[in-house]
Amino acid sequence: MEEAKHFVGGEWITPSSRETIDVVNPSTGQVFTRIARGNAADIDAAVSCARAAFEGPWGLLSAAEKGRLLYRLSALVTTHRDELAELEARDTGKPLREACADAAALARYFEFYAGAADKLHGETLPYQNGYTVLTVREPHGVTGHIVPWNYPMQIFGRSIAASLAAGNACVVKPAEDACLSVLRMASLAAEAGLPAGTLNVVTGYGDEAGAALARHPGVDHISFTGSPGTGALVAQMAAEHYAPVTLELGGKSPQIVFADADLDAAMPTLMSAILQNAGQTCSAGSRVLIERAIYAPLVDRLACAFDALRAGPGQTEADCGPLINAKQQQRVAEFVALARRDGIRVAGQGSILSGAHPSGFYQPPTLLADVPRTHRIAREEIFGPVLAAMPFEDEADAVALANSTPYGLVAGIWTRDGARQFRLARSIRAGQVFINNYGAGGGVELPFGGTGHSGFGREKGLEALHGFTTLKTIAIRHG
Ligand code: NAD
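The shown structure was predicted, so the numbers you read here are calculated from the model rather than taken from an experiment.

About the thresholds
- Residues numbered from 1 in each chain as written.
- Predicted model: local features only at pLDDT ≥ 70, side-chain atom pairs only at ≥ 80, totals over all residues.
- Heavy atoms only, no water.
- Helix = DSSP H or I, 4+ residues; strand = E, 2+ residues; numbered from the N terminus.
- Buried < 20%, exposed > 50% of the residue type's maximum accessible area, 1.4 Å probe, protein only.
- Contact = heavy atoms within 4.5 Å.
- Areas by Shrake-Rupley, 256 points an atom, 1.4 Å probe, with all protein chains shown as cover.
- Lys, Arg positive; Asp, Glu negative; His and termini not counted.
- Charge placed at Lys NZ, Arg CZ, Asp CG, Glu CD.
- Phe/Tyr/Trp six-rings, centres within 6.5 Å; stacked < 30°, edge-to-face > 60°.
- Lys NZ or Arg CZ within 6 Å of the ring centre and 35° of its normal.
- Domains from an automatic or database assignment.
- Buried area = accessible area lost by both parts, 1.4 Å probe.
- Salt bridge = Lys/Arg side-chain N within 4 Å of Asp/Glu carboxyl O.
- Polar contact = N/O pair within 3.5 Å; in protein donor to acceptor, adjacent residues only side chain to side chain.
- Nonpolar A, V, L, I, M, F, W, Y, C, P; charged D, E, K, R; others polar.
- Pairing = 2+ DSSP bridges.

1. Digging into the overall build of the protein chain
- Assigned secondary structure in the protein chain consists of 16 helices and 22 strands.
- Its C-alpha atoms give the protein chain principal-axis dimensions of about 70 × 60 × 40 Å.
- The buried share of the protein chain, taken over its 479 residues, is 57%.
- Taking contacts inside the protein chain between residues at least 6 apart in sequence as the whole, the part at least 24 apart equals 74%.
- When the accessible surface of the protein chain is totalled, it reaches about 18,400 Å², and 52% of it is carbon and sulfur.
- In the protein chain, 41 positive and 49 negative side-chain charges are present, and the distance between their average locations comes to 3 Å.

2. Concerning the packing of aromatic side chains
- For the structure on display, the rule yields 7 aromatic pairs.
- With 5.6 Å between their ring centres and 70° between their planes, W149 and F383 make a pair best called edge-to-face. Here the residue W149 occupies a position in the loop between strand 7 (142-146) and helix 6 (152-165), and F383 occupies one in the loop between helix 13 (376-379) and strand 18 (386-392), the gap between them amounting to 234 residues. Side by side, W149 and F383 carry an identical accessibility label, which is buried.
- Sitting over the ring of Y151, K94 keeps its end group 4.0 Å from the ring centre.
- Above the plane of the ring of F448 lies K460, whose end atom (NZ or CZ) is 5.6 Å from the centre.

3. Structural notes on the domain arrangement of the protein chain
- Assigned domains of the protein chain: these are domain 1 (6-249 + 456-475) and domain 2 (254-443).
- Contact with domain 1, which involves 26 residues of that partner, is made by 31 residues of domain 2.
- Each partner contributes to the roughly 2,200 Å² buried at the junction of domain 1 and domain 2, and carbon and sulfur atoms together form 50% of this total.
- On inspection of domain 1 and its partner domain 2, the count reaches 0 salt bridges.
- Joining domain 1 to domain 2, the criterion identifies 15 residue pairs in polar contact (both at pLDDT 80 or more).
- Counting residues per element, the ones that place at least two in the side of domain 1 that touches domain 2 are helix 4 (81-92) and helix 5 (96-116).
- Per-element accounting of the side of domain 1 that touches domain 2 gives the leading share, 5 residues, to helix 4.
- Its residues assigned to classes, the side of domain 1 that touches domain 2 comprises 10 nonpolar, 7 polar and 9 charged.

4. Details of the sheet that holds strand 22 (residues 469-477)
- Overall, antiparallel pairing links the 3 strands, which are arranged 5-6-22 in an open sheet. This sheet does not close on itself; its edge strands, each paired only once, are strand 5 (124-125) and strand 22.
- The sheet contact formed by strand 6 (residues 131-139) and strand 22 spans 9 bridges and is antiparallel. For R137, the partnering residue across the bridge sits in strand 22 and is L471.

See below:
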């Protein structure tokens, strides 16, 4: 991996602009390295190399051979797990234990999709006498991947491993705020033996390199993870050249707690679902909806837990790390200030570890209680360690409240009543519903994605392979 270069066609290349972008450590606010500032010319070079790999050495490999290379890459990730985790913790500010878990997930994505590469098949269809009709799943060709800063390794793994397993060649534009692990993955992919041009990484700003990728007519599919506003822009740009798009966007996901729930089991999950990655998680459980009968005691319990939390530097074991940059920290602080101004109760609030760098982007974890249902705090994604607590009256009210935002990504339901578990699971608008858990450990096997402002299309699981392929129907008339 070379500083301030793109990885294109199997080589580290200088950006055509010769310009760089400073990379800041969120734990200290200090610049610690530089990345290349990519532009349309760099993207164009990467797309050409990807096309050549797709039509050449990568495309000519059998599915089993592709799978073997992806296995090799998975093994290399495991070998380099500590190095990748440290890189990610410094780059994003997340605690080292979370970055280690992300590195393990990255290895698992490549392992899972390596095994799937030679099991992706079509069907034969009953049709008129004298015909045999079959379907085959074919790769799109060149896929473009726009990756955000919150989980660079995980999102790289889920999107690129699936696309490669489906037979595509990839061009990746990671986020300008955190892309070092993705660059490291480019060199590991080369070491694993992926032919030059199969995986290309161009760094840079979204409205330059990102937009150039979304607009490029040589890109056959775009996978975007990020904010709803940018997702809509990317979809428009892709539509100009008729490229299909997968959008993984934000959320305002509810955890719904009924009075009959096992609260001892729920408590740690209610906390971790909002604290993980300092709340900068699309699937964060950022609303806790509590049945009226247990609302006051559960809010008190959560408040005590919040008061004890400490935000501290990444690469340590603080309860949560800093936010990614000054802008994000200011945005979250403004939401908390808005809550105070509008009389919303700050029921619990953690603090910042003494000794944390004064220029780090720390934000104390905050529990806001009795949040009015129509308030922005109840409806908008904050993307920080801020949990909104709201009471509900009965099952119908819980469903109405859960479905009252424009998002629909994930929901958690805590109840011992089996019939209610199913009723709610079916009535809530979300791509994933968890009963008496939240996230189920993040399983790569479980299709993930949203509805409404949370986006469309599914990644993870075998389902992702459908998105990264196109279906061809072949009808043979043989009499
Ligand atoms: P963002 O949309 O600003 O950036 C995401 C990526 O898009 C970055 O690589 C960025 O450089 C690029 N980008 C920005 N402008 C672009 C443009 N005009 N054209 C093409 N690419 C462009 O979002 P963010 O600030 O990185 O992430 C925060 C948001 O992303 C939150 O809303 C969060 O919920 C969402 N998110 C969703 C998921 C998910 O899986 N659903 C995962 C992570 C983040």
